[in-house]
Amino acid sequence: MAILLGCGMARNFTENRTRNALIVIVVVGLCSFFYLLGAWQRSGSGGGDRIQNWVNEQTKCAQLPNLNFETHHRASDLPNDTGTSKIKPFEPCDEQYTDYTPCEEQKRAMTFPRDNMIYRERHCPPEKEKLYCLIPAPNGYVAPFRWPKSRDFVPYANVPHKSLTVEKAIQNWVHYEGNVFRFPGGGTQFPQGADTYIDQLASVIPIAEGKVRTALDTGCGVASLGAYLLKKNVLTMSFAPRDNHEAQVQFALERGVPAYIGVLGSIKLPFPSRVFDMAHCSRCLIPWSGNNGMYMMEVDRVLRPGGYWVLSGPPIGWKIHYKGWQRTKEDLRNEQRKIEQFAELLCWKKISEKDGIAIWRKRLNYKSCSMKQDNSKIDKCELATDNDVWYKKMEVCITPLPEVNSVSEVAGGQLEPFPKRLNAVPPRIALGSVPDLSVQSYEDDNKLWQKHVKAYKKINNLLDTGRYRNIMDMNAGLGSFAAALESPKLWVMNVIPTIANTSTLGVIYERGLIGMYHDWCEGFSTYPRTYDLIHSNAIFSLYQNNCKFEDILLEMDRILRPEGAVIIRDKVDALVKVEKIANAMRWKTRLADHENGPHVPEKILFAVKQYWATGNKSS
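Residues numbered from 1 in each chain as written. Predicted model: local features only at pLDDT ≥ 70, side-chain atom pairs only at ≥ 80, totals over all residues. Heavy atoms only, no water.

### Overview of the overall build of the chain
If you tally the helices and strands in the chain, you get 19 helices and 19 strands. Across the 619 residues in the chain, those meeting the buried criterion constitute 56%. Of the contacts formed within the chain by residues at least 6 apart in sequence, a portion of 70% connects residues at least 24 apart. When the accessible surface of the chain is summed, it comes to about 26,900 Å², and 52% of that surface belongs to carbon and sulfur atoms. (Helix = DSSP H or I, 4+ residues; strand = E, 2+ residues; numbered from the N terminus. Buried < 20%, exposed > 50% of the residue type's maximum accessible area, 1.4 Å probe, protein only. Contact = heavy atoms within 4.5 Å. Areas by Shrake-Rupley, 256 points an atom, 1.4 Å probe, with all protein chains shown as cover.)

See below:
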């Protein structure tokens, strides 16, 4: 009897062990299957992979030692019953708002003066005119092609505007072919293609040596220059106004190229001083010789000491091309003469003029050209800070450079070539120019974000695979999140909130990264559906007394692609409110503990925007 009982127990134990092993195999198999299915569906041939399903399921299957989704800080633990209030679901906006850009809306723009392009600048809606609905994607919207294919091809359904294909047909900007737009890499001033044009620049400028990493392209068109400079490891901030050429910037971002809606008008550019290695204008229609040289002075402000300014198109090369430009020789000669005079006043040295392309180099320091500026009639700018530019009027003045000890010293400090500069100590920190930041705190920040990003990848292991091309960091700090992700497969728009206690955008540029200032109580200067992933660190704690969480989250929803991902790191009381609003916006959410354990009050909210479009408004 005992022997039989013992045999029965052994058999049951064996059966249970076999059953448990089988269950484990089935679960692992299902997880792998849905992972591969999701990756296949988003390969560019279909309308979407419903990425939110497998991201959420992946977190259930993964056995992570420190990341527990059953958070130990709950809504019920918060004061004032924070977690119990309900939020009514947000409805879709009307189809007319498919390409809505709140601060560059056409009807509002036309009510402002046209002098100095004021009407093309940012003019955000008052509180009573804000939209509290979800911006729809156009009918038939599909996942963009992955980089580098996206550089040359964009699905027509995503940007259904053909005006550029007609207006710029002979200039090789963009062609409409079947159900896609094709971008051959041409431009008004480089009909032989951007590669040939860049080779001309590289014969004068050390583009291939890593010394030119950050560039500014004014009046960028569809940003083909920036697209092709990426092959040289140059990261270009391109901008163009929202004008009668529909969707220039939208095309650029759909291609996977950094860009924003902007104009050189009456307001300073949203960048600190001394940040770009190169600035470029190819027939960008900016009146450089007008306004007493004000626009050239603004370029001088944002250009790094020793940086380069490239001007191609009228009036450069006027002796050969004046007939095609339908302007008189005298008119073009006078315009170039004025540009040359302002360049000399700014102490820019002209280093080349050939084939309709002129290149100047900015002085290294004040000592190298002090006499000319001391004797000029142009004032020096009186800046409270180099970073005080948000909605500040552009001025006719020369921005002073940091002091140096010798004529050969680079004002503000010498930068390492890229990619070494990515993690080298930025000069602004080494020289103590940024309050409350030291070399040690910079290095600690780097290590911290490497740890954070490693934890993110355990939840969403598509983070650095190329699935997310256009990434935004809403509160970028020192740029360490972007540095930890640095890859040719992606780029990061590092945003520094205008209300941040310390401006670190100059540090970000010294690392060879790009970004801009922005106030998150307002709409961002981009089209809808232009970012694949948005990262937010402590934004809601920062803005909790400045504007409503709904304003920020609806703007995030506007600029996020269907099935794009969101990572929000903040205090748990803020995240509980955020999660409720996010669910009312059709996002799929999951609240996770901090990677250091459940008792840390900072949490991480992972979310995915669901796919829906006009004509198909159900989730």
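There is more to say after this.
### Some remarks on the sheet that holds strand E18 (residues 587–593)
Here we have 7 strands laid out as an open sheet, ordered E15-E14-E13-E16-E17-E19-E18, and mixed in their pairing. The open sheet is flanked by strand E15 (514–518) and E18, the only strands paired with a single partner. Taken over all neighbouring pairs, the strand axes of this sheet differ in orientation by 20° on average, direction set aside. In the sheet, E18 pairs with strand E19 (residues 602–609) via 7 bridges, with the strands oriented antiparallel. Each residue of the ladder has a partner; that of Lys 588, found in E19, is Val 608. Against the sheet, helix H14 (residues 439–459) engages strand E16 (531–537), strand E17 (560–571) and E19, with an angle of about 130° to E17. Set on the sheet, helix H18 (residues 549–559) makes contact with strand E13 (470–473), E16, E17, E18 and E19; between it and E17 the angle comes to about 145°. (Pairing = 2+ DSSP bridges. Axes fitted to C-alpha atoms, helices over the stretch in contact; angles between N-to-C directions.)

### Observations concerning the state of the cysteines
Linking two cysteines covalently through their sulfur atoms gives a disulfide. Within the structure shown, the criterion is met by 6 disulfides. Between the sulfur atoms of Cys 281 and its disulfide partner Cys 284 the distance amounts to 2.1 Å. Taking the torsion about the S-S bond as the criterion, the Cys 281 to Cys 284 disulfide, at about -95°, is left-handed. Across the pair, Cys 284 and Cys 281 agree in class, each one buried. (Disulfide = S-S within 2.5 Å.)

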